[in-house]
Amino acid sequence: MKGWSRHGAWVLLVVAALWSCGDEEGEGEKGKDADQASSETDSTAVDSTLADSAAVDSLAKKIEAVPVEIALAHTGEISSYLTFNSTIETEATVEIFPQISGMVERVVVEEGDRVEIGDTLIAIEDEQLQLANREAQVNLDFQRTGYKRTEEMFKRKLISDQEFETRKYELEQAGLRLERTQLDLAHTVILAPFSGVITERHVQVGARVGGSSKLYDLIKLDDMIARVFVPGQYLTAINNGQQGVISSEFLPDKSFEGWVKRISPVVDPRSGTFKVTVGVRDHFEYLRPGLFVNVRIVTDTHERAILIPKKAVVYDGGDKFVFAVVDTAAVRIKLQPGFEDVEFVEAMAEVKEGSPIIVVGQNGLKAGTRVRVVNEGWVVPKVSAEAASDDEG
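Residues numbered from 1 in each chain as written. Predicted model: local features only at pLDDT ≥ 70, side-chain atom pairs only at ≥ 80, totals over all residues. Heavy atoms only, no water.

Turning our attention to the overall build of the protein chain. For the protein chain, the count of helices and strands is 4 helices and 22 strands. For the protein chain, the residues scored as buried account for 33% of the 393 residues in total. A separation of at least 24 residues holds for 75% of the contacts in the protein chain among residues at least 6 apart in sequence. (Helix = DSSP H or I, 4+ residues; strand = E, 2+ residues; numbered from the N terminus. Buried < 20%, exposed > 50% of the residue type's maximum accessible area, 1.4 Å probe, protein only. Contact = heavy atoms within 4.5 Å.)

Next up, the structure:
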């Protein structure tokens with residue numbers, strides 16, 4: 001028993017030791033699993049932080065990029081002008097008066113009506129004139145019969161020369177009276193002296209008119225002009241036939257061809273100007289007499305100029321600049337302007353054909369500012385900074 005007890009004690013000690021080792025190993029495994037889970041959690045947190053940082057950077061880049069619209073510089077024709085303000089006139093403007101007195105029987109045309117040469121405008125009552133005409137015709141017939149008898153008697157020397165001459169004079173007088181009544185009858189119908197447009201009617205049916213009674217104002221719309229007064233220093237720069245352009249703020253997006261029609265040879269000593277009459281071609285008759293217009297007379301033309309929209313120009317002191325897009329950055333270019341018109345300005349240097357020029361959003365930009373082109377369907381061509389500009393200041 002003593003021996004077994006000793007042996008049993010050793011067995012219990014061994015079992016206890018093994019149990020203790022097992023517990024330590026289990027705790028070790030659990031610790032390893034916990035450490036691994038903690039490591040994985042830390043790694044996920046780092047990845048999430050990096051992703052958030054990238055998203056913030058991307059968003060920041062998008063926010064920093066200024067939205068702009070661009071247009072490509074292109075080659076085209078542009079001219080230098082002398083510019084003046086004037087009003088449209090017409091070469092043919094007449095006031096129509098009757099040539100006889102009478103009562104208006106019929107008014108045929110109204111204001112705004114277009115008439116052709118020879119069209120009837122007004123008819124004047126002609127009953128009295130018809131009677132006068134018949135009377136003159138009867139008198140002429142009587143005088144002709146009497147003259148024939150007188151002529152036979154004169155041939156036979158039965159009457160004197162004086163009596164024959166008197167009869168001949170009376171016949172001619174009768175013929176003239178008939179012609180006068182016929183002319184008066186013709187004047188009872190007022191006709192258009194040329195093709196044009198009635199601008200004003202001054203008479204109505206039933207009114208009695210005379211030689212001083214104005215009936216209509218008539219203008220000829222296919223012969224429009226604008227008179228301008230040019231400073232004397234440009235006397236040698238203006239020539240007959242020189243081209244011009246006419247526009248009006250009342251007719252936006254429309255312009256009309258013109259040409260120098262007449263040049264006054266006299267310089268006004270008080271104003272130092274000379275008068276130039278510019279003809280206007282208006283096939284659709286948009287222009288009307290009295291309309292305020294801008295008249296530009298072409299003095300020179302560049303046929304292959306680099307053109308930039310005028311709305312792209314930014315002013316800094318006395319200098320002019322434009323912004324081009326190079327990749328995603330704005331490059332400031334000092335503009336050396338040449339000729340200008342209403343829409344475009346000529347770039348004499350620095351700007352190349354095809355350069356993307358900012359036309360909307362350029363105000364307030366600085367050189368190097370990140371920009372984002374918002375033109376629909378637009379792909380910005382890659383242009384080197386040297387090709388776009390030599391000035392980034």
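Before going further, it helps to examine the sheet that holds strand β8 (residues 196–201). Across the sheet, which stays open at both edges, the 4 strands sit in the order β3-β10-β8-β5 with antiparallel pairing between neighbours. The open sheet has two edge strands with one neighbour each: β3 (93–96) and β5 (114–115). In this sheet, strand β10 (residues 216–219) lies alongside β3 in antiparallel orientation, the contact comprising 4 bridges. Within β10, the position partnered with Thr93 by the bridge is Ile219. (Pairing = 2+ DSSP bridges.)

It is worth spelling out the sheet that holds strand β7 (residues 189–191) at this point. On the basis of which strands lie adjacent, the open sheet formed by 4 strands has the order β7-β6-β4-β9 and antiparallel pairing. Bordering the open sheet on either side are β7 and β9 (208–209), each of which pairs with just one other strand.

Bringing the environment of Ala347 into the picture now. In this structure, Ala347 sits in strand β20 (residues 344–347). For the pair Ala347 and Pro337, spaced 10 residues apart in sequence, the C-alpha to C-alpha distance is 5.1 Å. Once residues within four sequence positions are removed from consideration, Ala347 is found in contact with Ile306, Ile308, Leu335 and Gln336.

As a further point, take unusual backbone geometry. Although it is not a glycine, Glu285 sits at a positive phi angle of roughly 55 degrees. Of note, the phi angle at Asp327 is positive, near 55 degrees, even though the residue is not glycine. Here Asp327 lies in the loop between β17 (319–326) and β18 (329–334).

Moving on, we get to the packing of aromatic side chains. The tally for this structure, following the rule as stated, stands at 4 aromatic pairs. Residues Phe256 and Tyr286 carry aromatic rings whose centres are separated by 6.4 Å and whose planes lie at 55 degrees to one another, so their mutual orientation is tilted. With Phe256 in strand β13 (residues 255–263) and Tyr286 in the loop between β14 (273–281) and β15 (292–309), the pair connects residues that are 30 residues apart, well separated along the chain. Classification of Phe256 as buried rests on a relative accessible area of 7%. Exposure remark for Tyr286: the relative accessible area of 39% places this residue in the partly exposed category. (Phe/Tyr/Trp six-rings, centres within 6.5 Å; stacked < 30°, edge-to-face > 60°.)

Side-chain pairs of opposite charge can arise whenever the charged atoms involved come near each other. Applying the stated criterion across every chain, the model contains 16 salt bridges. Put simply, Asp223 and Lys261 hold a salt bridge, and the shortest N to O gap is 2.9 Å. Highlighted residues: Asp223 in the loop between β10 and β11 (224–231) and Lys261 in strand β13, separated in sequence by 38 residues. Using a relative accessible area of 26% as the deciding quantity, one classes Lys261 as partly exposed. (Salt bridge = Lys/Arg side-chain N within 4 Å of Asp/Glu carboxyl O.)

With that out of the way, let us pick up the side chain of Thr181. Along the chain, Thr181 falls in helix α3 (residues 161–187). Here Asn133 takes part through its side chain, which lies 3.0 Å from a polar atom of the side chain of Thr181. If we ignore the near neighbours within four places in the chain, the residues touching Thr181 are Ala132, Asn133 and Ala136. (Polar contact = N/O pair within 3.5 Å; in protein donor to acceptor, adjacent residues only side chain to side chain.)

Chain-level statistics for the protein chain give a pLDDT mean of 82 and a share of 80% at 70 or above. Under a pLDDT of 50 for its full length, residues 34–46 has, in the predicted model, 0 contacts with residues more than four places off or in other chains. Note on residues 383–393: pLDDT is under 50 here. Beyond four places in sequence and across chains, it has 28 contacts. (pLDDT = per-residue confidence, 0-100.)

Time to look at helix α2 (residues 127–155). Between its terminal C-alpha atoms α2 stretches 42 Å, which fits the 42 Å expected from 29 residues at 1.5 Å a residue. When we look at burial in α2, the residues that qualify are Asn133, Ala136, Leu140, Gln143, Gly146, Tyr147 and Thr150. In the core, the buried residues of α2 are packed alongside α3. Immediately downstream of α2, the backbone of Lys157 shows phi near 65 degrees, a positive value. (Expected span 1.5 Å × (residues − 1).)

What follows is about the nonpolar core. Ranked by size, the top nonpolar core spans 24 residues in total, and within it Val276 and Ile297 carry the most contacts. Counting only elements with at least two residues in this core, the list comes to β2 (74–90), β11, β13, β14 and β15. Aside from chain neighbours lying at most four places away, what touches Val276 is Ala226, Arg227, Val228, Val230, Ile238, Val260, Arg262 and Ile297. Grouped together as the second largest cluster of nonpolar side chains are 19 residues, Val104, Ala192, Val209 and Leu215 included. (Core = buried A, V, L, I, M, F, W, Y, C linked by side-chain atoms within 4.5 Å.)

We now examine α3. Taking 1.5 Å of rise per residue, the 27 residues of α3 would be expected to cover 39 Å, and the 39 Å separating its terminal C-alpha atoms lies within 8% of that figure. Inspection of α3 places Phe164, Leu171, Ala174, Gly175, Leu178, Thr181, Leu185 and His187 among the buried residues, and these make up the whole buried set. The inward-facing, buried residues of α3 contact α2 and β7.

Let us look at the packing of α2 against α3. Two packed helices can be described by the angle between their axes and the distance between those axes. Direction vectors running N to C along α2 and α3 enclose 160 degrees, while the axes themselves pass 8 Å from each other. The angle between α2 and α3 falls in the class roughly antiparallel. The hand of the α2/α3 crossing is left-handed. Of the residues assigned to the contact of α2 with α3, the class counts are 11 nonpolar, 10 polar and 8 charged. (Axes fitted to C-alpha atoms, helices over the stretch in contact; angles between N-to-C directions. Parallel < 35°, antiparallel > 145°, perpendicular 65-115°, else oblique. Left-handed = near helix turned anticlockwise from the far one by under 90°. Nonpolar A, V, L, I, M, F, W, Y, C, P; charged D, E, K, R; others polar.)

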